[in-house]
Amino acid sequence: MIHILGQFKYALKDISANKLSYSILCLQMIVVLLLTGFVSLQLINANNYNKSLEKLDGKQAYISIDKTTAEKISYLLNNEQESIEKMKELYLFMRNNSKTRYYTIISYLMPEKHNGRQVVEYIANEEFFDIFNQEVIAGRKFISKDFEIKNGTIPILVGYNLKDKYQLNNIYEITDSITGETQKYKVVGILKLNSSFVDLNNQQTNFTYFNDGYIRPLNENMIVTYNDFSVLDMVINNTVFISNNELDVNSIKNKSDELGLFSLEFITLDESLKIIKEREKQLIVYEIIILSIILIFSLMGIISALLEMVSKNMPEYYIHLKCGATHFLIISRIIIQISLVMIISYIPVIVIFKFSLATLYTFIFTLIIIFFTLIFPVWKLKNSDISDNLRKELQF
Amino acid sequence: MEIEKLRYKRQFKKGVTILMITLKNISRAYGKGKGTIHALRNVNLKINAGEMVAIMGKSGSGKTTLLNTIGLLDNSFEGEYFINDINVKKLSEKQKAFYRNEFFGFVVQDFALIEKYTVFENIKIPFNYTKKRLKKKELIERIETITTKLGINDKLKEPAYNLSGGQRQRVAIARAIINNPNIILADEPTGALDSDNAKEIMNLLKRLNNEGKTIIVVTHDEEVSKYCDYVINIKDGEII
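Note that the coordinates shown come from a computational prediction; the quantities given were computed from them, not determined experimentally.

## What to know about the overall build of chain B
A tally of helices and strands in chain B yields eight helices and ten strands. Per-residue burial for chain B yields a buried fraction of 47% across its 240 residues. In chain B, 73% of the contacts between residues at least 6 apart in sequence involve partners at least 24 apart.

## Remarks on helix H6 (residues 165-177) of chain B
All names here are of chain B. Between its first and last C-alpha atoms H6 spans 19 Å; for 13 residues at 1.5 Å apiece the expected length is 18 Å, and the two agree. Taking burial as the measure, the 13 residues of H6 include eleven buried ones, the bulk of the element. Those residues of H6 that sit buried are Gln 167, Arg 168, Gln 169, Arg 170, Val 171, Ala 172, Ile 173, Ala 174, Arg 175, Ala 176 and Ile 177. Contact partners of the buried residues in H6: strand S6 (104-108), helix H4 (119-124), helix H5 (136-150), strand S7 (183-187) and helix H7 (195-210).

## Quick notes on the interface of chain B and chain A
With 25 residues of chain B at the interface, the matching set in chain A holds 18 residues. At six residues, helix H3 (residues 93-102) of chain B tops the list of elements feeding residues into the side of chain B that touches chain A.

## Here's the deal with the sheet that holds strand S4 (residues 78-83) of chain B
Residue and element names in this part refer to chain B. The antiparallel open sheet is built from four strands, whose spatial order is S2-S1-S4-S5. The two strands at the open ends of the sheet, each matched to only one other strand, are strand S2 (37-48) and strand S5 (86-87). Pairing analysis gives eight bridges linking strand S1 (residues 20-30) to S2, with the strands arranged antiparallel. Along S2, the bridge assignment pairs Thr 22 with Lys 46.

## Description of the confidence of the model for chain B
All names here are of chain B. Overall, the prediction assigns chain B a mean pLDDT of 84, with 92% of residues at 70 or greater. The lowest-confidence element of chain B is helix H1 (residues 2-14), averaging 53 in pLDDT; the highest-confidence one is H4, averaging 92. Reported for the predicted complex are a pTM of 0.66 and an ipTM of 0.85.

## Topic: the pairing of strand S6 (residues 171-175) of chain A
All names here are of chain A. Here five bridges tie S6 to strand S7 (residues 182-191), and the two strands are oriented antiparallel to one another. Counted as the bridge partner of Glu 173 is Lys 184 from S7. Hairpin connection, S6 to S7: the antiparallel pair is bridged by six residues, and Gly 180 has positive phi, about 80 degrees.

## Thoughts on unusual backbone geometry
We note that A:Asn169 has phi near 70 degrees; this positive angle belongs to a residue other than glycine. Examined against the element boundaries, A:Asn169 turns out to sit in the loop between strand S5 (154-158) and S6. With 10 C-beta atoms packed within 10 Å, A:Asn169 lands in the exposed category. Even without glycine at this site, B:Asn84 takes up a positive phi of about 55 degrees. Since 15 C-beta atoms lie within 10 Å of it, B:Asn84 is described here as partly exposed.

## Description of the packing of H5(B) against H6(B)
All names here are of chain B. Direction vectors running N to C along H5 and H6 enclose 140 degrees, while the axes themselves pass 10 Å from each other. Relative to H6, the element H5 is oriented oblique. Classified by chirality, the crossing of H6 by H5 is right-handed. Only Arg 170, Ile 173, Ala 174 and Ile 177 of H6 make contact with H5, whose side of the interface consists of Ile 146, Thr 147 and Leu 150. Partitioning the contact of H5 with H6 into residue classes produces five nonpolar, one polar and one charged.

## Some details on the packing of helix H10 (residues 327-353) of chain A against helix H11 (residues 357-382) of chain A
Residues and elements named next belong to chain A. The N-to-C vectors of H10 and H11 enclose an angle of 155 degrees; their axes lie 10 Å apart at closest approach. Comparing their axes, H11 and H10 come out roughly antiparallel. Between H10 and H11 lies a crossing whose hand is right-handed. Of the residues assigned to the contact of H10 with H11, the class counts are 18 nonpolar, six polar and one charged.

## Some words on the sheet that holds strand S9 (residues 230-235) of chain B
All names here are of chain B. The strand order across the open sheet formed by six strands is S6-S7-S8-S3-S9-S10, and the pairing between neighbours is mixed. Unpaired on one side and paired on the other, S6 and strand S10 (238-239) mark the two borders of the sheet. Here S9 pairs with S10 via two bridges, running antiparallel. If you follow Lys 235 over to S10, its bridge partner there is Glu 238.

## Looking at the confidence of the model for chain A
The pLDDT averaged across chain A works out to 83; a share of 91% of its residues lies at or above 70. Every residue in residues 392-396 of chain A scores below 50 in pLDDT, and together they form twelve contacts with partners more than four places removed in sequence or on other chains.

## Quick word on the pairing of strand S11 (residues 239-243) of chain A
All names here are of chain A. Most of S11 is tucked away: five of the five residues are buried. Going residue by residue along S11, you find Thr 239, Phe 241 and Ser 243 tucked away on one face and Val 240 and Ile 242 tucked away on the opposite face as well. As defined by bridge partners, strand S2 (residues 101-114) adjoins S11 across four bridges and the pair is classed as antiparallel. Each residue of the ladder has a partner; that of Arg 101, found in S11, is Ile 242.

## With respect to H11(A)
All names here are of chain A. Look at H11: 36 Å from first C-alpha to last across 26 residues, which is about the 38 Å you get at 1.5 Å a residue. By the largest-angle criterion, Ile 375 marks the main kink of H11, which is about 40 degrees, and a proline, Pro 377, follows within four residues. Residues of H11 that are buried include every one of Ala 358, Thr 362, Phe 365, Thr 366, Ile 369, Thr 373, Leu 374, Pro 377 and Leu 381, and no others.

Analysis parameters
Residues numbered from 1 in each chain as written. Chains lettered and ligands numbered in written order. Predicted model: local features only at pLDDT ≥ 70, side-chain atom pairs only at ≥ 80, totals over all residues. Helix = DSSP H or I, 4+ residues; strand = E, 2+ residues; numbered from the N terminus. Buried ≥ 20, exposed ≤ 12 C-beta atoms within 10 Å, placed from the backbone. Contact = placed C-beta atoms within 7 Å. Expected span 1.5 Å × (residues − 1). Pairing = 2+ DSSP bridges. pLDDT = per-residue confidence, 0-100. Axes fitted to C-alpha atoms, helices over the stretch in contact; angles between N-to-C directions. Parallel < 35°, antiparallel > 145°, perpendicular 65-115°, else oblique. Left-handed = near helix turned anticlockwise from the far one by under 90°. Nonpolar A, V, L, I, M, F, W, Y, C, P; charged D, E, K, R; others polar. Bend = angle between axes of the 7 residues up to and from the residue.

Set out below in structure tokens:
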């Protein structure tokens, strides 16, 4: 152990003598490890969402697609009050259709910005949280009572990036996106970094992240009290139905047709997921390709730098070997050097991904990189004969 | 193999010094096929503790290979090599490293100092691999005692590249004796020095020999061989 500590000091001296090379190595590895972290995160998220969708208990989810024509929308808007009443009737029909589980989540872009990003307000019903469990790092999750609040302070769960802007247990006055009135919001919990859900209603993005937003509970009993076309439109069109019977959702479509409202069509979760997974797969493939290219160049750079360093230091290693060092100790000196580079490069991963699964996977990947980068230099050292090299290097 | 390990362990525990080194039919070849160079051919040799021996021969005669073999730096020889009664071919790499650290001190023509290290750091290297643990204060005292004896005490903080040839060789000798080894292997120790410095270095080695150390010097210089008890001549890898 004492001998290893001695090698640690020599490794530090080596690094200090080659600051520039090691700085470049560090930068390369930071890029590689961060990319690895992002790919890991992507894979973990994909896996998590597959798991969260398992909560559908084998039932099919139906996502409504609004195929209403522009003329029809104009007609509905021209007869706004009548349309609002019909929409309320449709919404009540949807809610009272006991055979069908559903969740609703709507979002509004808020006028506030944080770190250059627009703050988003998400409004979700209780069922949403049953399906897409959202973990908090501080405070508490929503409880059933939160979804029954009609007046007074509204509890909110704040996304990770906004935790300093909207601090836990503080009360803020924010414009209510639904009513347009100033409303008191109390921060009851801070969401984990990258809290998200599979956005089945959004064909453009696979996952919606809550990092730059906050979620407030949707009191479904209040929906029918809003005389607002757009609110009702959003709620109806952003509701996902979970059922194993297509007839259940067809009854909603028929009801809408009967009321002369939207031309709703439902696509199944399978169809929607197929599109999402394909897009997700493509994204991961692209990331892995970019990662691989950078990794190949970085590994080549690291290995050649290490080989060069080993060649350059060979006379020194032989002096140590002559003085009683073993090959193992010399190799440990190289391992310590590359490990220090990796530890430094790993710090940004911890800063960005905290102590998450992505950080763990990146750590495992780091160990694999250390292993691969060391194969050639260690092989070179291990197979070098002291006296042969003393002749070559020191020209005795 | 097990017997060798037991012998090694017993000797290590007792702290036995090297009394005798014996080489039996040692051959060493470099390369393969037609390009094979036979550096040593059936070398038989016995050196007792306390002797100062010169190995003389022309360039390429195999004298350095012989010295490297004795110093356990070359493991690819044929034949048998005994340190006391231990067959070194049967020692592990770790055990050979221990022997190099504990029983041998190396001095070479171009000093083999690490330029970027200070004199102190260069001298300290063998101490990093020894099993005898000294406190930092004791280590400093020992280095100071040796360097004072060698006249380089004022250079301890200097980087190696700042030293003259004679000073460098003294540093190399200080490093070679820091662990108090039994045998000093010197490969052309005066080869890179002027005549005055060469004399001083040889006087130094002789002094160490008088203190009980076995000195084996590889040289092609007649003057150097005069300091030794006897000369082993080597030609084309064979002792003549």
